[in-house]
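# Survey of secondary and tertiary structure
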Amino acid sequence: MSCKSFLFSVLFCWTPFLAFCQVTSTITIIPQPATAYGREGQFEMKPDTRIYFPEGKKDWETAVQYFMALAQTSTGYQLVAQPFKGALPSPADNGIYFMSDEANIAQDEGYKMDIKPGSIVLTARSAAGAFYAVQSLRQMFPPQFNSPKPVSDVAWKVPCCLITDQPRFNYRGMHLDVGRHFFPVEFVKRYIDLLAQHKFNRFHWHLTEDQGWRMEIKKYPKLQTVAACRKETVVGHASDFPVQYDGKEYCGYYTQEEIKEVVEYARKRFVTIVPEIEMPGHAQAALAAYPELGCTGGPYETATTFGVFKDVFCAGNDKTFQFLEDVLAEVCPLFPGQYVHIGGDECPKDRWKACPKCQQRMKTENLKDEHELQSYFIRRAGQMLAKQGKRLIGWDEILEGGLAPTATVMSWRGTEGGIAAAKAGHYAIMTPTSHCYFDYYQGDPSGEPLAIGGLLGLDKVYNYEPVPTELNEEEARRILGAQGNVWTEYMKTPESVEYMAFPRACALSEVLWTPKNKKNWDDFLRRLKAHFERLSTMGVNYSRSYFDIRSSFSGGYVLLSCPDRTMQIKYSADETEPRVDGRTYFSPISLKETTTVKAMPVKDGKVMGKTLNVTYYVHKALGKTYTMTKQPDQYSGGERYALTNGIAGGPRSWNNWIGLLNADIDPVIDFGAVTSFGRVTTHFLNNKSSGIYPPRSIEVLVSDDGVNFTSLAQKTFDAENLNKTGIETVEFNTPRSSGRYLKVLTKAFGQADGKDTWLFMDEVIVE
Ligand code: ACM
Ligand code: ZN
């Protein structure tokens, strides 16, 4: 052996650190384990591989059987399991050993996985830890291990490694709204299974809504016959105008037997279900069934569109509390977890203000306003739950007007509720819309299925930190964890739920499980590609939107990129469609005139994602700077000079628009030199139900010195615009003019019905 090769072999074989690092890339587990070292070699599972489980640990059967069922389904192997006691048989040969070790595994959900060529040893303190070891082990096998039917011609090998793992947070939740759309038991189970695979341990089952009450309550049969049905459903987005309905009755609820079945299914996956029964708001379906529980007495109907409704449970009527007490008495025994969620969000106070019973209740209970009445309502709900041995969770509105000390707050309107709760000594679960609302768009809305709005990309979910910096160490311990919310107004099918939930839930699982200092976005993307193969094998309709082609414009060129660098980018810039055998993007595309660029990711001759379709307006103000009296903050158009960046905002993509609340948008564009032009075009957005109003007027003015302006043209907008939704294009064919400065004075609508309104405008195109 030469000196050099000796040195190589010493480094390679004897330095454990290097040997581990060399093959750590074969580990693609999501969520990333606390520590994971790859080793040389592989273990191969064969038909005669033995499974051993610790004698006397009956509750471990769940984890062991879960593994054996998985293995049987995909490999076809009927593995045999047998109990064992004491130390490992040595040499451990062709066995998968489940070992109980309470002394060396600190956390209940923690585990150790030691894979060597001759054996796999999974050590845990509890059955839950053993289950998470199984979930990690399944991700070490080839992706076909997740197949729903036997696959032949696969060597069932796993790379050798040593993993020590435990979760960062105790509450690792995912939510599903079955009120807006109902999902069958089979899908709820599949969803729970997917959550468990990602080491989530809470399933928040949102069971009642304005649009449907989904749980059988035996004492109130009209909840099944009336509240579980709506006569039709709004078509498109609830804010679209004119509003249209599909005319089709929509019904669905879970029987108590089905609920038991789901609870048992979840138990076997170490998932605790948090059922939600909404009160006092989002109760219109219940009121449709029992109108005497509302302030006006009805009649009411189960909601057919989406939003926040004024008809809520009457807080002055004793029958309301009797009803809720009876409902909770049927709900609580079915769910073994300690928590029941009672909603508490979005409860307008209009009806309570006008209701003699509610006003009387406020007098008798000495409540100073309707917020205190809401707080009274929540306190009574808490007492009902306490009688049933349960604890209350509610959305952060439950903090308003005072809260029982044992209540836990789910912070959704930002993080403030969670911060206030933790500072006041309550436990909190973080679900801020900004990072945890998986009903928001996950890619450019122009290429996505209809969603409620917003934008929440995979990277933003991944980078979420649930513990707010405002908290000290003791307060921080009251942050139990976080949860991804899946509101289903715009998800009608299981496939669309999967599309919206995954892979954002994969990213959230890592936020909740992986130690903060072990998170690594680039490495997550590497592992996610392998994970996609697993999800594909399971037939999960996950989204690849994060990997869509992106474009930007700079110095007269369009730059295209794909976060997945293994993709080829095929594009067109001539109104044709891009083709698999068409032009490949290698360098920035020069733009001389207004052009639509279309681009798609391609790998091995296959289209791997959606087609980007973006029009760049090449015009005289492109790339020019401007000043405005008021700068936007929340809706800034995504760039400093979004009104002149060549891209116009889309009908649903609010991120490209400039938006100001109650204020004029009045850019003064500096061409840099005297420039002549004959046409100015701009756009505004009408979306009254989202508070986005048309301008009162738009005026185009020109100036040589930026101080004294001459008006060239003006348009005013009448009340008819208030009934439109969508983009309005406004074109001014001005007399040929010239000047160094151009001002577009867009006058805001201002307040409507006492409320501030938004003005949204984008791209000032000068020709
Ligand atoms: C919520 O999104 N209304 C909790
Ligand atoms: Zn009332």
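To keep things clear, this report deals only with the structure shown in the data block.

A tally of helices and strands in the chain yields 19 helices and 35 strands. In the chain, buried positions account for 57% of the 767 residues. In the chain, 71% of the contacts between residues at least 6 apart in sequence involve partners at least 24 apart. A total of about 31800 Å² of accessible surface is found on the chain, and carbon and sulfur atoms cover 51% of it. Across the chain, the 85 positively charged side chains and the 89 negatively charged ones have centroids separated by 3 Å.

With that settled, consider the nonpolar core. In this structure, Met45, Phe67, Phe98 and Trp205 are the most contacted members of the largest nonpolar core, which totals 164 residues. When neighbours within four sequence positions are excluded, phenylalanine 67 is seen to be in contact with Met45, Ile51, Leu79, Ile96, Phe98, Val134, Leu137, Phe141 and Phe145. Counting 27 residues, the second largest nonpolar core, distinct from the first, contains Tyr626, Met628, Phe684 and Phe717.

This paragraph deals with the environment of leucine 759. Relative to the helices and strands, leucine 759 is located in strand 35 (residues 758-766). Relative accessible area serves as the criterion here: at 1%, leucine 759 is assigned to the buried category. Sequence separation between leucine 759 and tyrosine 617 is 142 residues; the distance between their C-alpha atoms is 22 Å. When near neighbours in sequence (up to four residues on either side) are disregarded, leucine 759 contacts Ile658, Gly659, Leu660, Ala663, Asp664, Ile665, Tyr693, Pro694, Pro695, Thr746, Lys747 and Ala748.

Turning our eyes to something else, we now look at helix 17 (residues 494-501). Burial runs high along helix 17: six of the eight residues are buried. Every buried residue of helix 17 is listed here: Ser496, Val497, Glu498, Tyr499, Met500 and Ala501. The secondary structure elements touched by the buried residues of helix 17 are strand 8 (171-177), helix 5 (185-197) and helix 18 (504-513).

This next bit is on the state of the cysteines. Taken as a whole and judged by the stated rule, the model has one disulfide. In this model cysteine 229 forms its disulfide with cysteine 251; the gap between the sulfur atoms is 2.0 Å. Of note, the bridge from cysteine 229 to cysteine 251 carries an S-S torsion of about 115° and is right-handed in sense. With cysteine 229 in strand 12 (residues 229-230) and cysteine 251 in strand 13 (residues 250-251), this residue pair connects regions lying 22 residues apart in the sequence. The thiol sulfur of cysteine 160 is not disulfide-bonded, and the nearest other cysteine sulfur, from cysteine 161, lies at 7.5 Å.

What follows is about the environment of glutamate 370. By the element assignment, glutamate 370 lies in helix 12 (residues 370-387). Assessed through its relative accessible area of 12%, glutamate 370 is described here as buried. Each C-alpha atom of the pair glutamate 370 and glycine 447 lies 43 Å from the other, and the pair is 77 residues apart in sequence. Glutamate 370 has contacts with Lys349, Trp352, Lys353, Gln359 and Met362, leaving out every residue within four places of it along the chain. Here glutamine 359 takes part through its side chain, which lies 3.0 Å from a polar atom of the side chain of glutamate 370.

On to helix 18, then. When you tally the buried positions in helix 18, you get ten out of ten residues, the bulk of the element. All of the buried residues along helix 18 are Arg504, Ala505, Cys506, Ala507, Leu508, Ser509, Glu510, Val511, Leu512 and Trp513.

Moving on: the coordination of the zinc ion (ligand 2). For the zinc ion (ligand 2), the full set of protein donor atoms is Cys295 (SG), Cys314 (SG), Cys355 (SG) and Cys358 (SG), and the range of their distances to it is 2.3 to 2.4 Å. If you look at the zinc ion (ligand 2), its four donor atoms make angles of 106 to 113° with each other, and the shape they trace is tetrahedral. Counting gaps between the donor residues of the zinc ion (ligand 2) yields the pattern C-x18-C-x40-C-x2-C. Within this pair, whereas cysteine 295 is found in the loop between helix 8 (284-289) and helix 9 (318-331), its partner cysteine 355 is found in the loop between helix 10 (350-354) and helix 11 (356-364), the two being separated by 60 residues in sequence.

With that settled, the discussion passes to the packing of helix 9 against helix 12. The geometry of helix 9 relative to helix 12 is characterised by a closest axis approach of 10 Å and an angle of 35° between their N-to-C directions. Every pair of crossing elements has a handedness; the one defined by helix 9 and helix 12 is right-handed. Across the interface between the two elements, Asp318, Thr320, Phe321, Leu324, Glu325 and Leu328 of helix 9 pack against Tyr376, Phe377, Arg380, Met384, Leu385 and Lys387 of helix 12. Split into classes, the residues belonging to the contact of helix 9 with helix 12 amount to seven nonpolar, one polar and four charged.

Our focus in this paragraph is the sheet that holds strand 5 (residues 111-116). Strand order across the open sheet formed by seven strands is 1-7-5-6-4-2-3, with mixed pairing between neighbours. The outermost strands of the open sheet, each flanked by one partner alone, are strand 1 (35-44) and strand 3 (80-84). Between one strand and the next, the sheet's axes are offset by a mean angle of 20°, whatever the strand orientation. As paired elements, strand 2 (residues 50-54) and strand 4 (residues 95-100) share three bridges and run parallel to each other. When the sheet's bridge partners are listed, tyrosine 52 is paired in strand 4 with tyrosine 97.

Locating histidine 198 in the fold gives a position in the loop between helix 5 and strand 9 (202-206). You can call histidine 198 buried: its relative accessible area is 1%. Sequence-distant contacts of histidine 198, that is, excluding residues within four places in its chain, are made with Ile30, Pro31, Phe502, Cys506, Ser509, His531 and Leu535.

Residue placement: glutamine 631 occurs in the loop between strand 28 (625-627) and strand 29 (635-636). Classification of glutamine 631 by relative accessible area gives partly exposed; the value is 38%. Dropping the residues within four chain positions of it, glutamine 631 is found in contact with Arg640 and Leu660.

What the rule picks out here adds up to 42 salt bridges. Put simply, aspartate 523 and arginine 527 hold a salt bridge, and the shortest N to O gap is 2.8 Å. With aspartate 523 and arginine 527 both in helix 19 (residues 521-537) and four residues apart, this pair spans about one turn of that helix. Its relative accessible area of 22% is what places aspartate 523 among the partly exposed residues. According to the relative accessible area criterion, arginine 527 is buried, its value standing at 0%. For the salt bridge of arginine 679 with glutamate 731, the shortest nitrogen-to-oxygen distance reads 4.0 Å. You can see arginine 679 sitting in strand 31 (residues 668-687) and its partner glutamate 731 sitting in strand 34 (residues 725-747), a full 52 residues away along the chain. For arginine 679, a relative accessible area of 30% translates into the label partly exposed. The partly exposed category is assigned to glutamate 731, whose relative accessible area is 36%. By sharing partners, the salt bridges in this structure join Asp177, Arg180, Glu209 and Glu489 into a single network.

Here the focus is the sheet that holds strand 17 (residues 408-411). Spatially, 8-9-14-15-16-17-18-19 is the arrangement adopted by the eight strands of the closed barrel, whose pairing is parallel. Neighbour to neighbour, the strand axes of the sheet diverge by 30° on average, direction disregarded. Where strand 8 lies against strand 19 (residues 479-484), four bridges are found, and the strand directions are parallel. In the strand pairing of strand 19, glycine 173 is matched with glutamine 483. Docked against the sheet, helix 5 engages strand 8, strand 9 and strand 14 (272-279), running at close to 150° with respect to strand 9.

According to the stated counting rule, one finds 46 aromatic pairs in the structure shown. Judged by centre distance (5.8 Å) and plane angle (50°), the ring pair of phenylalanine 183 and phenylalanine 187 falls under tilted. For the residue pair phenylalanine 183 and phenylalanine 187, the accessibility class agrees, reading buried in each case. Grouped by ring-pair contacts, the aromatic residues Phe182, Phe183, Phe187, Tyr191, Phe203, Trp205, Tyr254 and Phe335 constitute a single cluster. For arginine 269, the ring lying beneath its charged end belongs to tyrosine 265, and the centroid distance is 3.6 Å. One cation-aromatic arrangement involves arginine 380 over phenylalanine 321; the distance from NZ or CZ to the ring centre is 4.0 Å.

Definitions and cut-offs
Here the residue numbering is sequential within each chain, running from 1 through the sequence in written order. The order in which chains are written sets their letters, starting at A; the order in which ligands are written sets their numbers, starting at 1. Per-residue local features of the predicted model are confined to residues with pLDDT of at least 70, and side-chain atom pairs are confined, for both listing and counting, to 80 or more; whole-chain, interface and lining totals are unaffected and use all residues. Working from all heavy atoms in the structure, the side-chain values ignore hydrogens and water. Under the scheme used here, helices are H or I runs from DSSP no shorter than 4 residues and strands are E runs no shorter than 2 residues, and both carry numbers assigned from the N terminus. The cut-offs for exposure are 20% and 50% of the maximum accessible area for each residue type, with area from a 1.4 Å probe on protein chains only; residues under the lower value are buried, those over the upper are exposed, and the others partly exposed. We call two residues in contact when some of their heavy atoms are within 4.5 Å. With residues, only the protein chains shown are counted as cover, and all accessible areas are computed by Shrake-Rupley using a 1.4 Å probe. Positive charges come from Lys and Arg alone, negative charges from Asp and Glu alone, with His and the N- and C-terminal ends not counted. Taken as the charge centre is NZ of Lys, CZ of Arg, CG of Asp or CD of Glu, depending on the residue. We call a set of buried residues a nonpolar core when its members are Ala, Val, Leu, Ile, Met, Phe, Trp, Tyr or Cys and they connect through side-chain atoms within 4.5 Å of each other. Cysteine sulfur pairs qualify as disulfides if the two atoms are within 2.5 Å. Residues adjacent in sequence count toward polar contacts only when both atoms are side-chain atoms; beyond that, a polar contact is any pair of N or O atoms within 3.5 Å, and within protein one must be able to donate a hydrogen and the other to accept it. Distances decide who is a donor: an N, O or S atom must be within 2.8 Å of the metal, or within 3.2 Å for Na, K and Ca. Water is not included, so sites may look incomplete. A site with four donors is called tetrahedral when every donor-metal-donor angle falls between 85 and 135 degrees; four donors are called square planar, and six octahedral, when opposite donors sit more than 155 degrees apart and all other angles fall between 65 and 115; any other arrangement is irregular. Every axis in this analysis is a line fitted to C-alpha atoms, fitted for helices over the stretch in contact. Angles between the N-to-C directions lie between 0 and 180 degrees. Here is the rule for handedness: rotate from the far helix to the near one, and if that takes an anticlockwise turn smaller than a right angle the crossing is left-handed, while a clockwise turn gives right-handed. Side-chain classes follow a simple rule in which Ala, Val, Leu, Ile, Met, Phe, Trp, Tyr, Cys and Pro form the nonpolar group, Asp, Glu, Lys and Arg form the charged group, and the remainder, Gly included, forms the polar group. Strand pairing is assigned whenever DSSP identifies at least 2 bridges connecting the two strands. In the sections that follow, a salt bridge refers to a side-chain nitrogen of Lys or Arg positioned within 4 Å of a carboxyl oxygen of Asp or Glu. The pairing test for Phe, Tyr and Trp rings, Trp by its six-membered ring, is centres within 6.5 Å, and the orientation test on the planes gives stacked under 30 degrees, edge-to-face over 60, and tilted for anything in between. Lysine NZ or arginine CZ positioned within 6 Å of the ring centre and within 35 degrees of the ring normal marks a charge as sitting over the ring.

As far as function goes, none of this settles anything; it's purely spatial.
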